[in-house]
Amino acid sequence: MTAASTLESLGALLMSGGVEVVDLAGPLGPDTPLLKLPPDFARDTPKIEVHKISEYDKDGPFWAWNWLKIGEHSGTHFDAPHHWITGKDYPDGYTDTIPVQNFVAPVNVIDCSAETAANPDFLLTSDGVKAWEAKHGAIAKGEWVVMRTDWDKRSNDEALYLNADATGPHSPGPTPDCIDYILSQGALGWGTQCIGTDAGQAGGMTPPFPAHNLLHKANRYGLASLANLDKLPAKGAILIVAPLKLVQGTGSPIRALALIPRA
Ligand code: 23J
Ligand code: MN
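Residues numbered from 1 in each chain as written. Chains lettered and ligands numbered in written order. Predicted model: local features only at pLDDT ≥ 70, side-chain atom pairs only at ≥ 80, totals over all residues. Heavy atoms only, no water.

**Re the packing of aromatic side chains**
Move 1: According to the stated counting rule, one finds six aromatic pairs in the structure shown.
Move 2: For the pair Phe78 and Trp144, a centre-to-centre distance of 6.3 Å together with 85 degrees between the ring planes defines the contact as edge-to-face. Here Phe78, found in strand β4 (residues 77–79), pairs with Trp144, found in strand β7 (residues 144–148); they are 66 residues apart in sequence, far enough to count as distant. Both residues of the pair, Phe78 and Trp144, belong to the buried class.
Move 3: Seen in terms of ring centroids, Phe78 and Tyr221 are 5.4 Å apart; in terms of plane orientation they differ by 35 degrees. Their pairing is tilted. Here Phe78 is found in strand β4, whereas its partner Tyr221 is found in strand β12 (residues 221–224), with 143 residues between them in sequence.
Move 4: Relative accessible area serves as the criterion here: at 1%, Tyr221 is assigned to the buried category.
Move 5: Every member of this aromatic cluster is reached through a ring pair, and the members are Phe78, Phe103, Trp144 and Tyr221.
Move 6: Across from the ring centre of Trp151, 3.9 Å away, lies the NZ or CZ of Arg154, which sits over that ring. (Phe/Tyr/Trp six-rings, centres within 6.5 Å; stacked < 30°, edge-to-face > 60°. Helix = DSSP H or I, 4+ residues; strand = E, 2+ residues; numbered from the N terminus. Buried < 20%, exposed > 50% of the residue type's maximum accessible area, 1.4 Å probe, protein only. Lys NZ or Arg CZ within 6 Å of the ring centre and 35° of its normal.)

**Focus on the coordination of the manganese ion (ligand 2)**
Move 1: The coordination sphere of the manganese ion (ligand 2) contains the protein donors His73 (ND1), His77 (NE2) and Asp79 (OD), at a distance range of 2.0 to 2.2 Å.
Move 2: Counting the intervening residues between successive donors of the manganese ion (ligand 2) yields the motif H-x3-H-x1-D.
Move 3: Owing to a relative accessible area of 16%, His73 belongs among the buried residues under this scheme. (Donors = N, O, S within 2.8 Å, 3.2 Å for Na, K, Ca; no water.)

**Regarding the sheet that holds strand β11 (residues 189–191)**
Move 1: Taken in spatial order, the nine strands of this open sheet run β1-β15-β13-β5-β7-β11-β12-β4-β14, and their pairing is mixed. Only two strands of the sheet have a single neighbouring strand rather than two, namely β1 (19–23) and β14 (251–253). Put simply, the sheet's adjacent strands are angled 25 degrees from each other on average, direction ignored.
Move 2: The sheet contact formed by β1 and strand β15 (residues 257–261) spans five bridges and is antiparallel. Looking at the pairing, Val19 lines up with Pro261 of β15. (Pairing = 2+ DSSP bridges. Axes fitted to C-alpha atoms, helices over the stretch in contact; angles between N-to-C directions.)

**Digging into the nonpolar core**
Most often, soluble globular proteins keep nonpolar side chains buried together rather than apart.
Move 1: If you look at the biggest cluster of nonpolar residues, it comprises 24 residues, and the most contacted ones within it are Leu24, Phe78, Trp144, Leu223, Leu232 and Leu239.
Move 2: Elements supplying a minimum of two residues to this core: β5 (104–111), β7, β12, β13 (237–240) and β15.
Move 3: Among the elements that make up this core, the one with the highest residue count is β5 (three residues).
Move 4: Ranked by size, the runner-up nonpolar core spans 18 residues in total, among them Ile110, Ile182, Ala187 and Trp190. (Core = buried A, V, L, I, M, F, W, Y, C linked by side-chain atoms within 4.5 Å.)

**A closer look at the environment of Leu13**
Move 1: For Leu13, the location among the structural elements is in helix α1 (residues 3–16).
Move 2: Given a relative accessible area of 38%, Leu13 falls into the partly exposed group.
Move 3: Distance in space between the C-alpha atoms of Leu13 and Pro261 is 8.8 Å, their sequence separation being 248 residues.
Move 4: Excluding anything up to four places from it in sequence, Leu13 contacts Gly18 and Val19. (Contact = heavy atoms within 4.5 Å.)

**Points about the packing of helix α5 (residues 176–184) against helix α6 (residues 210–217)**
The axes of two packed helices give the description: the angle between them and the distance between them.
Move 1: Two elements in contact, α5 and α6, have axes whose closest approach is 9 Å; the angle formed by their N-to-C orientations is 20 degrees. Taken as axis vectors, α5 and α6 run roughly parallel relative to one another. Between α5 and α6 lies a crossing of right-handed hand. Only Pro210, Ala211, Leu214 and Leu215 of α6 make contact with α5, whose side of the interface consists of Pro176, Ile179, Asp180 and Leu183.
Move 2: When its residues are assigned to classes, the contact of α5 with α6 shows seven nonpolar, no polar and one charged. (Parallel < 35°, antiparallel > 145°, perpendicular 65-115°, else oblique. Left-handed = near helix turned anticlockwise from the far one by under 90°. Nonpolar A, V, L, I, M, F, W, Y, C, P; charged D, E, K, R; others polar.)

Spelled out as structure tokens, the structure:
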């Protein structure tokens, strides 16, 4: 099949519903859960604000529109390499400079939902990824790897989503060797369903926040707060995740989408 005929088939399948578009984004608004850093880092991302400019009233008789106050790393979002100190010197490190070819790519979905239901601090290791590959096939160069935890089911309640106690947040994520391994396979990036790409307890790992540290050092990307990964096959879906073209942005909310074959 040529690229042209394949794309023509894709168009037909999108029209017929043979290929479905799945919404992988959570709702983005004042109630969206946001990261809370330890008190020694006093500045957190502020709550999202939506301010009405007009809605068919004296300030705009025919039109409705709002302005927003929103952090780059809010809700379902993309982490660009410049987000982390390790990534700062790389080219293509910002939301406006990343080559757009990277925004559409196959995705590998590693289902850890049973493990994380039993243990909110569950960590996916390189051995866990290799066991998944033995069953589903190898992760190929340029593909996303995402960790399914069904954590999106908690996202209507910030306390439940962050799951913090006196010892800090408790949410699943990768070990450093997990990220090292997927990078060695040529992964485009790593995505999770939690507030960030790292586990709740990742501040105490070596290096601290290994997903951020290692992904961005390798000029690769992160995805956080993904929803609906339970609707995706282990392999075979195409992920569409384009950050806003924010000038020198370190990340951006995204309307993450997946193309899947209809079951
Ligand atoms: C800043 C500091 C630590 C973390 C994060 C941001 C994120 O998770 C993020 O949204 O990138 S862990
Ligand atoms: Mn982020």
